[in-house]
Amino acid sequence: MSLTAVRDSKGARQWTSISGGATPTVGRILTYAVLIGLSIVVLAPVVWAVLSSFKSQTELAQIPPSPLPGALRTENYSEALSSFDFGTYLKNSAIVTVGATLLTVVINTMCAYGLAKYNFRGRNALFLVVLGTIMIPLQLIFIPVYQMAAQLGLVNSLWGLIIPPAATPTGVFLLRQYMLTIPDDLIDAARIDGAGEFRIFARIVVPLCGAAIAVVTIFSVMWRWNDFLWPLIISQDQSKYTLPVALAQFNSQLVAPFNYILAMSVVSMIPVVVIFLVLQRHIVRGVANTGLK
């Protein structure tokens, strides 16, 4: 909306909207100013990391640091990918993230559908138990989960990174709350028409839950892509390391190649940012509609 300045009969300047909309109030202007300022504060470290990823080791050690690199050293990315086998770590992270996200969406959607649309004794109590597991620290269940993974032969394999953390109570909660907004009459009508339960779930419920599924997808991608502790525990061979574990390992070296680490850190941010930009509208709508019931 564009504004233009005019003067009233007394000569005072007034701002009016060319498009005919309401003139922004002082409170709205202050709100936008605060939001823009907070956005700058949040984005400043990201921009600094991106610019620093093109610097040399000498430039990174300068005091005071320079915000802009002297020259764009794109070889930081190519040398990091070739020198430290970051290609393998990127591939492992991509496989784990995609596989775990697909499995998480499938399991959480089915569980949420059962808790939202099936009436059975103890349904609410079961939902409270699932919801209560959110408050259990992950460190308390690492040992029993690791023992189960070891008995199933999942240790030191990508399957061990994908299967154990697939079901998440947060995803079940978000999807269940969203499914409560779907009218029961719609499902009953499909049953009267002869549709099976799986067909109702796949052809009616899942398409209507696109916004909530988008929220669970972006959350799962963020959790799996940035997960550090579980991959560190379950992976005993460097060939099974994910990117966060590999970055932590190289950061602990006596002479850490910070220019390579920054370059790979920027690469690790790209998938999450791209997925968020693609799904942002669904994410906002899904979070807003989750609490309707």
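Presented here is a report on the structure given in the accompanying data block.

Time to look at the layout of surface pockets. Of the voids in this model, the largest pocket is the one considered here, and its volume is about 790 Å³. For the lining of the largest pocket, the secondary structure elements donating two or more residues are helix H4 (86-117), helix H6 (138-151), helix H8 (169-179), helix H11 (210-226) and helix H12 (229-234). Sort the elements by how many residues they give to the lining of the largest pocket and H6 lands first, with six residues. Of the residues that constitute the lining of the largest pocket, the class distribution is 18 nonpolar, five polar and two charged. As for the second largest pocket, its lining consists of 13 residues, of which Val46, Met269, Ile270, Val272 and Val273 are closest to the centre. Elements that contribute at least two residues to the lining of the second largest pocket include exactly helix H1 (26-52), H11 and helix H14 (258-290). Ranked by residues supplied to the lining of the second largest pocket, first place goes to H14 with seven residues. Residues that form the lining of the second largest pocket fall into these classes: 11 nonpolar, two polar and no charged.

Per the stated rule, a full pass over the model turns up one cavity of 30 Å³ or more. Counted as a void, the largest cavity has a volume near 50 Å³. Lining the largest cavity we find Val96, Leu161, Pro165, Arg224, Asp227, Trp230, Pro231 and Thr242. By residue class, the composition of the lining of the largest cavity is five nonpolar, one polar and two charged.

Attention now moves to the pattern of salt bridges. Here the structure, examined in full by the defined rule, presents three salt bridges. Across the pair Arg191 and Asp188 runs a salt bridge, and its minimum N-O distance is 3.3 Å. In this pair, Arg191 and Asp188 both sit in helix H9 (residues 184-192), three residues apart, roughly one turn of the helix. In this structure Arg191 comes out as partly exposed when scored by relative accessible area, which is 30%. A relative accessible area of 36% places Asp188 in the partly exposed class. Each of Asp188, Arg191 and Glu197 takes part in a single network of salt bridges with overlapping partners.

Parameters at a glance
Residues numbered from 1 in each chain as written. Predicted model: local features only at pLDDT ≥ 70, side-chain atom pairs only at ≥ 80, totals over all residues. Heavy atoms only, no water. 1 Å grid on protein atoms, 1.4 Å probe; cavity = no way out; pocket = protein on both sides within 12 Å on 5 of 7 lines; lining within 4 Å. Points joined across faces, edges and corners; volume = space filled by probe spheres on them. Helix = DSSP H or I, 4+ residues; strand = E, 2+ residues; numbered from the N terminus. Nonpolar A, V, L, I, M, F, W, Y, C, P; charged D, E, K, R; others polar. Salt bridge = Lys/Arg side-chain N within 4 Å of Asp/Glu carboxyl O. Buried < 20%, exposed > 50% of the residue type's maximum accessible area, 1.4 Å probe, protein only.

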